[in-house]
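Notes for the structure review
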Amino acid sequence: MKTVLVSGASVAGLTLAYWLHHHGYAPTVVERAPGVRPGGQAIDVRGVALDVLDRMHLLEQAQQARTRMRGMSMLDGDGNELWRSTEMTLSSGRLDSDDIELLREDLTQLLYRKSHEDVEYLFDDSITLLQEGAHDIRASFERSQDRTFDLVVGADGLHSKVRQLAFGPEREFIRHLGPHVAVFSTDNFLNLDDWQVWLQDGAASYCVYPVRNNTEIRATLGFTSEPLDYDYHDTEQQKSILADRMSHLGGETPSLLKAMWEAPDFYFDAMAQIHMDRWSEGRAVLVGDAGYCPSPLSGQGTSLALVGAYVLADELRKAGADHRTALTRYEQRLRPFVERNQALATENPGGSASEDSLERAKTAITLDD
C-alpha cells in the first residue's frame, strides 16, 4: 500500500484524502490548525464539481446545506439603495441554478466526516522540510517525528509551504489581482432575512448576508490597492489595514468595522492567482489553490479544488507504481480546465465573468477520461 502525505485539511486536501483511500492508498493529512478550520465565506460548487460530490455520496447533503438567499440589494457609498434583484446574487449567480452555494466550513465538515475514520490526521502540525530519496520522500514536521512517504501533496492554499519547499519562493508564482478581502462572522444585528446586501464605492466595498437560519451574518469587506507588505499571521495588523481603508464608507460600515475587532474567525488576504509551468517536482505535487489558485474573483476555486483532487487520485490509481506517469497525466488532463477557469477572474476586471464564459468553464472537463 502506497503512502501519501497531504498538507492541508481544506477542500482539496480532504477530497484527495477520501479518494486516495478509496483507491487503496494510505493517506496522512497534516494541518497546522488544531482542527478543520471554522469560518469562511459562502463558496460555490458548480458544473463537474457537483459530479465529484455525487460520486462521494455527498451531493444531497451539500444541497441541504446550501444558502437560501431570496435576492440582494446594491447600495452606493452612502448606503442608499441603487437597485435590487430577486433573480440573482453577485456571490452565487442565478438563484434558479443547479449550482450550490454553501458555507466553506459546512463543505469541509462534510468532507472531513466522510474520511476521518479511514485517514490519519495530524492537526496542529506542519511540514518544515522535504528531502527526496531514490525511492521515497522524507518529511520533517514542527511537532511530529520525521517520516517517509511515497508522495507528498501540497493542498495548503495560496501561501503553500509545500510549494515553497519543493519549487521555490512564492513571489515566483503569485500574480496580484488588486483587491484585498476580509471575511468574518458576527451576530445578525442587521436583521437580514435571507437577503444579501452589497455596498460599493470606487475602490472599497462590502457584502453581508445571513447564515445559520438568519442568526448570524458573514461579512466580506474589501478594497483595491497595490500589493501590501504585512504579516500573514498578524490579524491585528490586518484589521488595522482594513479599518483604515474602509472608514470613509457609509451604510453599515462603522458597525461592521466594530464587529470586525471582536470576530473570532477573521481572515484577510489579497486576491491573487498562482501560475506555474509545472505542478510536480519529483515526488512532490500540488493540488487546488497551492498549484493553480484562480482567486475568489473567479468563483471557481472550490470547484477546481474538488475536481483537481479527484483527477490526481484517479491518475495515481491508473498508473499504479509509476508516479511520474500519473503526475504527468494529471497535469495534461487538468491544465486546460484550470486555464479556462482562471481566465474568469481576469476577462472582465472590476466586474463578473459573463454567464456564457462561466457555463463553458465549469464543464470544461469530464471525470471519465
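Read on for a plain summary of the structure.

Quick notes on the pattern of salt bridges
When the charged atoms of two side chains with opposite charge come close together, those side chains can pair. Under the counting rule described, the total for this entry stands at 24 salt bridges. With its nearest N and O atoms 3.1 Å apart, the salt bridge here joins Glu 31 to Arg 37. Glu 31 gets classed as buried once you look at its relative accessible area, which sits at 7%. Residue Asp 314 is joined to Lys 318 by a salt bridge in which the shortest nitrogen-to-oxygen separation is 3.4 Å. Pair noted here: Asp 314 and Lys 318 are both in helix H9 (residues 301-319), with a separation of four residues, about one helical turn. Taking the relative accessible area as the measure of exposure, Asp 314 reaches 5% and is therefore buried. Among the residues examined, Lys 318 registers a relative accessible area of 37% and is labelled partly exposed. One continuous salt-bridge network, built from bridges that share partners, spans Asp 314, Glu 315, Arg 317, Lys 318, Arg 329 and Arg 333.

A few points about the sheet that holds strand E20 (residues 284-286)
Taken together, the six strands give an open sheet; going across it, the order is E9-E2-E1-E13-E20-E19, and neighbouring strands pair in mixed fashion. In the strand order of this sheet, the two ends are held by strand E9 (120-123) and strand E19 (280-281), each with one partner. With five bridges joining them, strand E1 (residues 3-7) and strand E2 (residues 26-31) adopt parallel strand pairing. Bridge pairing in E2 places Val 6 opposite Val 29. The strands touched by helix H10 (residues 323-342) are strand E13 (151-154), E19 and E20; relative to E20, the strand with the most contacts, the crossing angle is about 20 degrees.

Some thoughts on the sheet that holds strand E18 (residues 267-274)
Two modes of strand pairing occur in sheets, parallel and antiparallel, and in both the strands are linked by backbone hydrogen bonds. Strand order in this open sheet of seven strands is E5-E4-E15-E16-E17-E14-E18, and the pairing throughout is mixed. Looking at strand neighbours, the two that pair on one side only are strand E5 (81-85) and E18, the edges of this open sheet. This sheet shows a mean twist of 20 degrees between the axes of neighbouring strands, independent of strand direction. Strand direction decides the pairing type here: strand E4 (residues 71-75) and strand E15 (residues 195-201), joined by five bridges, are parallel. Looking across to E15, one finds that Leu 75 is bridged to Leu 199. This element, helix H6 (residues 235-246), spans strand E14 (174-187), strand E16 (204-211), strand E17 (216-224) and E18 of the sheet and lies at about 75 degrees to E17.

Focus: the nonpolar core
Judged by nonpolar contacts, the single largest core of 77 residues is most densely connected at Val 287, Val 307 and Leu 334. Leu 334 has contacts with Trp 279, Tyr 292, Val 307, Gly 308, Val 311 and Ile 365, leaving out every residue within four places of it along the chain. Core analysis: the next-biggest nonpolar cluster, separate from the first, contains 27 residues, Ala 204, Phe 223, Ala 243 and Met 260 among them.

Cut-offs applied
- Residues numbered from 1 in each chain as written.
- Predicted model: local features only at pLDDT ≥ 70, side-chain atom pairs only at ≥ 80, totals over all residues.
- Heavy atoms only, no water.
- Salt bridge = Lys/Arg side-chain N within 4 Å of Asp/Glu carboxyl O.
- Buried < 20%, exposed > 50% of the residue type's maximum accessible area, 1.4 Å probe, protein only.
- Helix = DSSP H or I, 4+ residues; strand = E, 2+ residues; numbered from the N terminus.
- Pairing = 2+ DSSP bridges.
- Contact = heavy atoms within 4.5 Å.
- Axes fitted to C-alpha atoms, helices over the stretch in contact; angles between N-to-C directions.
- Core = buried A, V, L, I, M, F, W, Y, C linked by side-chain atoms within 4.5 Å.

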